[in-house]
Amino acid sequence: MANQPIGFLDSGVGGLTVVKEALRQLPHEDIVFIGDQARLPYGPRPASQVQEFTWQMVQFLLQKDIKMLVIACNTATAAALEVIKPRLTIPVVGVILPGTRAAIKATRNNQIGIISTEGTDKSQAYVKALKARNARLNVISMAAPKFVPLVESNEFNTPLAKKVVAETLAPFKQTEIDTLILGCTHYPLLRPLIRAYLGDKVQLIDSGAETVSEVSVLLDYFNLANLNTERPATAEFYTTAAPEMFDLIGSQWLGMDDLHAQQVHLNKESHE
Ligand code: I24
Ligand code: DGL
């Protein structure tokens, strides 16, 4: 059991922000990652479609004999976690609850902001999870639909990005939030600009990094951790699109010069 891989899924390559944390925090764990680059972005899609696509990736990962599933995409977690969890016998982890727990721990004044894709914002998954744990929290959720295209066009470090970040986050300046959840895989790339705009009094919560800490706890709880094995850990990558773009971004982001993703065609029949 313990030597089986952990499965990660995402709408594209953004989930590699979570994988990067996994490689750092859990270096003995084998990883299988699948990104649905052919159908990205999930953010603007209806929840029912995100559920269907996510379920197809789950079927693929189950064939890889994973011991735990990480839904490394906020939009997919918001739309599909609750329907996937009861259908599987392995532990299933999304990126939303770990982010909410970290925010509850971080806030000093109970004023928490969230930025996410349209799908995640519409689901109110973060707001509901936070309020269920503390009804006194004042929670302000906003979609930041311009942020994903900004990162994907490689402009996350430009004057345009600075302008878009300022325009998007301006409403938060009228609030008292002391904690902001980055509720989308891509947003950690904009962290320096977000921090520069909001100032260091607002703590920024990276849901992906928090998720890997929780995966570590769950591996121990379920006796599934692959502890200090002699053999080096492996990482396999799959994408639904042509792999060239994935290899380029993945190898740069993860610092792996031998990263070669394989293209997969997800079986539409496997829904149900
Ligand atoms: N970042 C992401 N996706 C991309 C990208 C990127 N291209 C440059 N960078 N492309 O996700 C996905 C394919 N796009 C093409 C345009 O149409 C839509 C689909 C975020 C990845 C986070 C790990 C910027 C970039 C990079 C290297 C590393 C990190 C990074 F080039 F953000
Ligand atoms: N991975 C998605 C998320 O975290 C962002 C990209 C998309 O919209 O597909 O919500």
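As the structure is a computational prediction, the values presented were derived from the model and not from experiment. Numbering of residues starts from 1 in every chain and runs along the sequence as written. Throughout, the order in which chains and ligands are written sets their labels, letters from A for the former and numbers from 1 for the latter. This being a predicted model, a pLDDT of at least 70 is required before a residue's local features are given, and a value of 80 or more before pairs of side-chain atoms are given or counted; all residues contribute to the totals for chains, interfaces and linings. No hydrogens and no water enter the side-chain calculation; it runs on all heavy atoms of the structure.

Only DSSP runs of H or I with at least four residues qualify as helices, and only runs of E with at least two residues qualify as strands; both kinds are numbered from the N terminus onward. Scanning the chain from terminus to terminus reveals 11 helices and 10 strands. Here the globule rule reads 2.2 Å times residues to the power 0.38, and the radius of gyration is calculated from C-alpha atoms. Whereas a compact globule of 272 residues would reach a radius of gyration of roughly 19 Å, the chain reaches 18 Å, a difference of no more than 12%. Taken along the three principal axes of its C-alpha coordinates, the chain extends 50 × 40 × 40 Å. For the exposure calls, accessible area comes from a 1.4 Å probe over protein chains only, and a residue counts as buried if that area is under 20% of its type's maximum, exposed if over 50%, partly exposed in between. Relative to its full complement of 272 residues, the chain shows a buried share of 54%. Counting contacts in the chain only where the partners sit at least 6 residues apart, residues at least 24 apart contribute 75% of the total. To measure how exposed things are, a 1.4 Å probe is used in the Shrake-Rupley method; for residues, cover is taken only from the protein chains shown. Working note: accessible area of the chain is about 12,800 Å², and carbon and sulfur atoms make up 52% of it. Contact definition: two residues touch when any of their heavy atoms are within 4.5 Å.

In this section: the sheet that holds strand 1 (residues 6–10). Within the open sheet, the six strands sit side by side as 4-3-1-2-9-10. Their pairing is parallel. Looking along the sheet, the strands with just one partner apiece sit at the ends: strand 4 (92–94) and strand 10 (262–263). Whether two strands pair comes down to DSSP finding at least two bridges between them. The pairing of strand 9 (residues 235–239) with strand 10 spans two bridges and is parallel. The residue bridging Thr239 from the neighbouring strand is Gln263, located in strand 10.

Its location among the elements puts Gly250 in helix 11 (residues 243–254). For the pair Gly250 and His260, spaced 10 residues apart in the sequence, the C-alpha separation amounts to 8.8 Å. The contacts of Gly250, once residues within four sequence positions are left out, are Leu16, Gly255 and Leu259.

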